[in-house]
Structure formats: C-alpha cells, structure tokens
Amino acid sequence: MALLEIDALRIEFPTRDGVFVAVDGVSLSLQPGEILGLVGESGAGKSTVGSAVIGLLPAPGHIAGGRIHLSGTRIDTLPDPERKALRGRRIGMIFQDPQTALNPLETVGAQLVETIRVHLPLGRAEARTRAADLMTAVGIPDPQTRLDQYPHQFSGGLRQRAVIALALAAGPDVIIADEPTTALDVSIQAQILALLKDLCAQRRMGMLLITHDMGVIAGTTDRVAILHHGRLVEEGPTAEVLGRPRHPYTRSLVAAVPRTDLRLARFPVPGSSASDAGAARRIDLSTHWLGQGSSRAARGAGETGVTGKTGETGKTGETGETPLLEVDAVSLDFAARARLFGRRGASITAVRSVSLRIAPGESYGLVGESGSGKSTLARLIAGLHRPDTGRIRLAGEDLHAPRSRPAQLALQRQMQMIFQDPYSSLNGRMRVRDIIAEPIRFHRLAASGAETDRIVDDLLDHVGLGAAAGRRFPHSFSGGQRQRISIARALASRPRFLICDEPTSALDVSIQAQILNLLKDLQAELGLTLLFISHNLAVVRQMCDRVGVLRQGELCEEGPVDQIFSRPQHAYTQHLLSLMPPLTLLARPETLTGPE
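Everything quoted here is computed from the prediction, not taken from an experiment.

Trainee: Can you help me understand the overall build of the protein in this one?
Mentor: The secondary structure content of the protein amounts to 22 helices and 20 strands. By residue count, 54% of the 596 residues in the protein fall in the buried class. In the protein, the proportion of contacts linking residues at least 24 apart, taken out of those at least 6 apart, comes to 69%.

Trainee: What is the right way to look at the packing of helix H16 (residues 432–442) against helix H18 (residues 479–491) in this model?
Mentor: If you want to describe how two helices pack, look at the angle between their axes and the distance between the axes. With their axes 7 Å apart at the nearest point, H16 and H18 run at an angle of 30 degrees to one another. The angle between the axes of H16 and H18 places the two elements in the roughly parallel class. Viewed along their axes, H16 and H18 form a crossing whose handedness is right-handed. Contacts from Val-432, Ile-435, Ile-436 and Pro-439 of H16 reach H18 at Ile-485, Ala-488 and Arg-489. Looking at side-chain class alone, the contact of H16 with H18 contains six nonpolar, no polar and one charged residues.

Trainee: Got a minute to help me understand the sheet that holds strand S2 (residues 18–30) in this structure?
Mentor: Hydrogen bonds between backbone atoms are what pair the strands of a sheet, whose relative direction is either parallel or antiparallel. Strand order in the open sheet formed by four strands is S2-S1-S4-S5, with antiparallel pairing between adjacent strands. Each having just a single partner strand, S2 and strand S5 (73–74) make up the two edges of the open sheet. Inspection of the sheet shows strand S1 (residues 4–15) paired to strand S4 (residues 62–70) by seven bridges, in the antiparallel sense. Counterpart to Arg-10 in the pairing with S4 is Gly-65.

Trainee: So what exactly am I meant to see when it comes to the environment of Trp-289 here?
Mentor: With respect to the element layout, Trp-289 can be found in the loop between helix H11 (248–255) and helix H12 (292–299). C-alpha separation for the pair Trp-289 and Ala-446, spaced 157 residues apart in sequence, amounts to 9.6 Å.

Trainee: Quick question: what am I supposed to make of the side chain of Asp-328 here?
Mentor: You can see Asp-328 is positioned in strand S11 (residues 325–334). Judged by relative accessible area, Asp-328 falls into the buried class, the value being 16%. Looking at Asp-328, its side chain comes within polar contact range of the side chain of Arg-357, at 2.5 Å. With near-sequence residues (within four places) excluded, Asp-328 lies in contact with Val-354, Ser-355, Arg-357, Gly-390, Arg-391 and Arg-393.

Trainee: What am I meant to see in the pairing of strand S14 (residues 389–394) here?
Mentor: On any regular strand, side chains alternate: one points to one face of the sheet, the next to the other face. Bridge count between S11 and S14: five bridges; the pairing is antiparallel. Looking at S14, one finds that Ser-331 is bridged to Thr-389. Alignment of S14 against strand S15 (residues 397–398), held across two bridges, turns out to be antiparallel. Bridging across to S15, Leu-394 finds its partner in Glu-397. Linkage of S14 to S15, two consecutive antiparallel strands, is achieved through a turn of two residues, within which Ala-395 is found at a positive phi near 55 degrees.

Trainee: I tried to follow the sheet that holds strand S9 (residues 223–228) on my own but got confused; where do I start?
Mentor: What the six strands build is an open sheet, ordered S6-S7-S8-S3-S9-S10; its pairing is mixed. Looking at the sheet topology across the chains shown, the edges are occupied by strand S6 (91–94) and strand S10 (231–237). Strand-to-strand, the axes of this sheet are offset by a mean angle of 15 degrees, without reference to chain direction. The pairing of S9 with S10 spans six bridges and is antiparallel. Of the residues in S10, the one forming a bridge with His-228 is Arg-231. Packing against the sheet, H11 makes contact with strand S3 (35–39), S9 and S10, and its axis sits at approximately 105 degrees to S9.

Trainee: Explain the packing of aromatic side chains to me, please; I cannot follow it from the model alone.
Mentor: We describe a pair of aromatic rings using the distance from one ring centre to the other and the angle between the two ring planes. Following the criterion strictly, the structure yields zero aromatic pairs and no others. A cation sits over an aromatic face here: Arg-146 above Phe-154, 4.9 Å from the ring centre. Above the face of the Phe-477 ring, Arg-472 is positioned so that its terminal group lies 4.1 Å from the ring centre.

Definitions and limits used
Residues numbered from 1 in each chain as written. Predicted model: local features only at pLDDT ≥ 70, side-chain atom pairs only at ≥ 80, totals over all residues. Heavy atoms only, no water. Helix = DSSP H or I, 4+ residues; strand = E, 2+ residues; numbered from the N terminus. Buried < 20%, exposed > 50% of the residue type's maximum accessible area, 1.4 Å probe, protein only. Contact = heavy atoms within 4.5 Å. Axes fitted to C-alpha atoms, helices over the stretch in contact; angles between N-to-C directions. Parallel < 35°, antiparallel > 145°, perpendicular 65-115°, else oblique. Left-handed = near helix turned anticlockwise from the far one by under 90°. Nonpolar A, V, L, I, M, F, W, Y, C, P; charged D, E, K, R; others polar. Pairing = 2+ DSSP bridges. Polar contact = N/O pair within 3.5 Å; in protein donor to acceptor, adjacent residues only side chain to side chain. Phe/Tyr/Trp six-rings, centres within 6.5 Å; stacked < 30°, edge-to-face > 60°. Lys NZ or Arg CZ within 6 Å of the ring centre and 35° of its normal.

Structure, rendered in structure tokens:
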C-alpha cells in the first residue's frame, strides 16, 4: 500500500473572470522511504498540490475533484478538526524561507517544544529533551545552547535545519519540502539535501520534494513527476525521465538546465520561443539612444572626470586590454555592535586585500559560499561602501577621489546594479514607466518629457515587455517580468558596467533561461561589461569569461572559466565544485532536439 496516494486531483480557484484550474487530473503515489520530486515552472501547480495534501489551500481555492489517501485513509474529505490534527503529526512541511517560517519573537527551543506538546503527550521537560535530540539529528551543534537562541542568531543553513527539526517534531509519515534549498549556497544546499536523504532512509518517511532545480532533483530523488500548466505530463524513475525524456515539454525543460560540462551560445526556453523573441531584435548603436552613453563619456571626459586612461595601472592579464574596472588591495572591516556597558566585540573582516581586473566587454563571475564577501565586494565596487584600504577605479578614475558632484554623478552613472530580488527592488507605489524614467530624469539624459517617454517605451520593448507595460504597477508582473523591468531600469542611465547580484536565483529554469539570454543579447549589442555574482556555479560556467573564487573575504583563485571548472588549483575551489548537484543523469542537449 502506498504511503500517500493522489488520484485525479483537480483544484479550482474562482475568479471574477471565471474558474481558474490550477491542478487538473494529477495522480501521484509515494512509498515509505521514497523521495518523489515535483518539477515545473512557476505557476505549474507544484506548491498547490503540496498545499492540498497538507490541507492549507489558500481561499478561495478548493479541491473540485479527485481523492487524497494517507496510508489507505481518505483525508481530503475529513472535517477541519481531524484534518488539522494530521498536520505536523502525520504530515510535516518544510517551507522555502526559514526566516518567515520561524517566529522571530520566540526562541527556537520554545517553538519546538510547543509543536511537540501539541501533538505528543509529553511534559515540558520531556519535550525539551526531545527538541534537543531533534536538533542533534538535523546537525545543529550545541543543542542545549541553541534551544535558548532566537532565529536571528542562526545562520541561513542552521535556520533551515531548525525548520526541518520542526517538521520532524511529531514523527510524521510524510514530509512536504517546498523549495527547501532555493535560497542556500551550494555548500549548505549539499548539507541540507544529504540530511533529508538520510532522514528519509532512517525513518522510512516519504518525501514530496517540490523544486525547480533539476540538479537537486537529479541528486536527491528516486522518482520525478513533471507538471505543466497544472497537468502531469511525465512521471517515472529520475534517471529515466531526465536521461531519456519522452514528452516535448520535459525535453525542453532538461535542455534549458545550465550545464558545467559544455557551454551553450543560448539557453533553450521551455515551451515557447515567443518569450525569447527579444533576442531577434538588434539595434544600431551608432544611431540608437543607448549607444550615446559611451560616446558622450568620451567627449565629455574633461568635464566628467572619466578619462578612459589607466594611468599607472597595467593591462588585464588574460586579454591584454586596458581594464574598465580595477580593484586594488581592497579591504573592509565591519565594526561589531556595542555590547553591554559600551564594550565592543572584535570587528569582522568582510573583504581582505582583494585585487581583480575586468576588461571592457568581459563577463567576470564571482562565486563563493554565503558570507564569503561576494555581495559586500559588489557594494564596494558600486560605491555603497567605502573601502578601509585599497582603491577602486572605473575607466582609470578612482571612485572615491575628490571631484565635483556633477563629475561624481557622471562617473557613478556608468555603473548600475541588478539586484537578486525583483519583488523588493522595485517601488510598488510607482508605475513601471516612472520607475524606468527616474534615472533618465535624475541624470537629465533626455531633452524633454516626450523624449523620456520614447526612451522608456523603447527600453520596455527591448527587454521584451512592450510599451504598454509602462502603465502598470510592479505587483501585476511575474518574477521574471519584474527582473526584466529591473534590467530596463539599469539600462536607463546608459551604463558601461553592470553588477548582477544573483539576478536569477529566485527564478525557475524557464524564466532563468529567458533572463540569461536577455543579458547575453544586451552585452553583445551594447558592449556591456558584467560582474556576475551567483551561487549557481553552472550559471556562472555558462555566462562568464573569467571567474574569481572568494573564501572568507579573500580571493583564493582566479582564472578563465574553463580552467577553473576543469583544472581548479586551490583546495577550496575543488571542494566547492565537488558540492555541485550532479547533472550526469541529464540527457545531452544534442539528443533533445527534434522528434523523439
């Protein structure tokens, strides 16, 4: 008998425009000790299936057809009190964001004890002992101390382990893990996935693993089910589905996964080529508004302070070109907050004596674990932090040298940043047209309001959204569309240098392919220079010319991307690459084109 059985499940959401069918006729089964992967793009219905199993469908969604059985007992028709009793006791849930899954006002121990006592007949002391044992089981060190700490005192990896301990608190039969490693770097991701596999094997739990990461699926699951627009299009053993996919959508999904063993000129976009149509449009930089940025900089070098000369600096080691960006022996310490009675703890070194060069038109990747200093270095380069020691030069000009405000703004305008989270990086109270127009108005790059409107329309069209998108607010767009808006806003100041800080980490494989293709196209058209920061090593392999590896604030290795991935020299780089989810199960791209 299957531990969990879903039969012809149909889930509907009534809307003002009619009934939206989120899940249509999905049938799945889960055996004890098995890990079943549920894969698909955003909106495919993955999380909706998980919510239906645990009884947490958001209103007005409801199960309109089908059945859900747990150990042979139908649970989708149980009264609310009985369904509630199953949550935590028979079915546990691991959420994507541990920061929001934990109560910041209570200690982790208090939350564990409360969950244990709700479901099990234990006293407070016994529950605390069980909580400490759970912490040990999920790999949290010094559990007696950690029980009395708050979530903010845990690192991201430890917080996720605490969420796993909460899911295990009452010894459930089934665990639903909804994107449990999306926000984690490759090292912590490997630890969490190994922990989940061990727990399933030891406790004979069944796990429904919901993710858009094919690497996670390949290295963790026993079987995989592919959802597309709410329907199950393919299911089977993981090696068979990923290695010999039959359905056209599955084939396109596998083809879009970034690889580390070969480089692709473009990423295939699952399902449709229309979403990637922006790649076909080309512009003539000699006449286009976007092409005026570099020429204006050259003509106005005397008044802006951007000379384009390297002065005493040399050439980049790999290309022989004069570098556009030079980072020389940059360090930054963060002072610890004052303790009780005004005493300060030791300062934290975020970046230690880092030096690098990036040539014009180059893509430079920066990789490392969480806390290695990647984002801090990006903020230093962007001018959001001032280094304690060392210098940062753009086109030969020291970013922090004294100069007039107009000259400083002209220099800063040539460097823009694309942030990780497209949801929080856009002002939700502004229309998209005004968001993109803001840097144009601030830097006075257009002669009139009408010209500004024409530029905004052109930028929206060029990133594949269309001019009509400018009338809407950010909340009406998907994650991938919001990231396109962020790219259009970054281009609005006509930069030469883009800092991309985890620009696709929150996106599924299809939207990721679209955004990465867009960045490749824009770089080729506009001659942009990119600093690409990511914990997804496969994406860095595809996007970058050279790579730098950061560890504890130090640049431990640097070199051409092929060399770093095939012949890493530093032990830490070798360790980092060894932690990548295995993609050997995936079918080769050349086998995925054409009919089956």
